[in-house]
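The lines below spell out each chain.
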Amino acid sequence: MAATGGSGTTAPPVCTATPHSALWATFSGKGETEEGRGGHAGAICSAMITPMELALDLAEEAAGAGEAPVGAVIVEGGRVLAAVRNSMRELADPTAHAEMLAIREALRVRGTGRLDGCDLYVTLEPCAMCAGAIAHARLRRVYYAAEDFKAGAVDNGVRLFSQPSCHHAPEVISGPGAERSEALLRRFFAGLR
């Protein structure tokens, strides 16, 4: 899949090595830890992986919890602000998509109402709800792995960022991690049939 937006920007590696259910130290430097529902803001540890690899690991975690396998990571200058997975069933909330949860967490960590200068890595093309939130949060760049021909709203469906009414359109890069994400989605949905 070709990149949209065309900068050819390579994802910076982020630091992670421990299992996603483990306690993670934050970048705050205060020795704080955070354990949670697939959330790992500000993760620090010993092995380097890309933000998309982290998102894909979270997607696998979501599948293991019976959720649609989608993970999302928001990064600012190499710092992970949010790393979460889908939690719609767990939270009984149809808006608890990985992207929405990541945006909320990144805003909380950053302490602002916008995410300008931040990049989102997500394992599936965002839907209309998530694309709208991405535009409102003013994310700089969106990387997504697998296309969603049915419900995607970035390069498929309504193509929200291409609409004249869209007040902010991030740079979009599709395809990194697509093969792994597509395989995970196929496996998950085949198991439901």
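One can find the structure itself at the top, above this paragraph.
For every chain, the first residue of its written sequence is number 1, and the numbers climb from 1 along that sequence. For this predicted model, a pLDDT threshold of at least 70 governs which residues receive local features, and a threshold of 80 or more governs which side-chain atom pairs are given and counted, while totals over whole chains, interfaces and linings are taken from all residues. Heavy atoms throughout the structure, all of them, feed into the side-chain values; hydrogens and water do not.

## So, the pairing of strand β6 (residues 79-85)
And step 1. Relative accessibility decides the category of a residue: with a 1.4 Å probe and only protein chains considered, values under 20% of the type maximum give buried, values over 50% give exposed, and everything between is partly exposed. Strands here mean DSSP runs of E at least two residues long; helices mean DSSP runs of H or I at least four residues long; both are numbered from the N terminus. Of all the seven residues making up β6, six are buried; the element is thus mostly covered by neighbouring parts of the structure.
And step 2. Pairing of strand β5 (residues 71-76) with β6, which is carried by six bridges, proceeds in the antiparallel orientation. Across the sheet, the residue bridging to G71 is R85, located in β6.
And step 3. At least two bridges found by DSSP between two strands is the condition for calling them paired. Linking two consecutive strands that pair antiparallel, namely β5 and β6, is a turn of two residues; a positive phi of about 55° is found at G77 within it.

## Let's talk about the sheet that holds β6
And step 1. Strand order in the open sheet made by the five strands is β6-β5-β7-β8-β9, with mixed pairing throughout. Strands with a single pairing partner mark the edges of an open sheet, and in this sheet they are β6 and β9 (171-174). Going across the sheet, the axis of each strand differs from the next one's by a mean of 15°, ignoring polarity.
And step 2. In this structure, β5 lies alongside strand β7 (residues 119-124), joined through four bridges in antiparallel fashion. Axis definition: a line fit to C-alpha positions, over the contact stretch in the case of helices; interaxial angles, taken between N-to-C directions, run 0 to 180 degrees.

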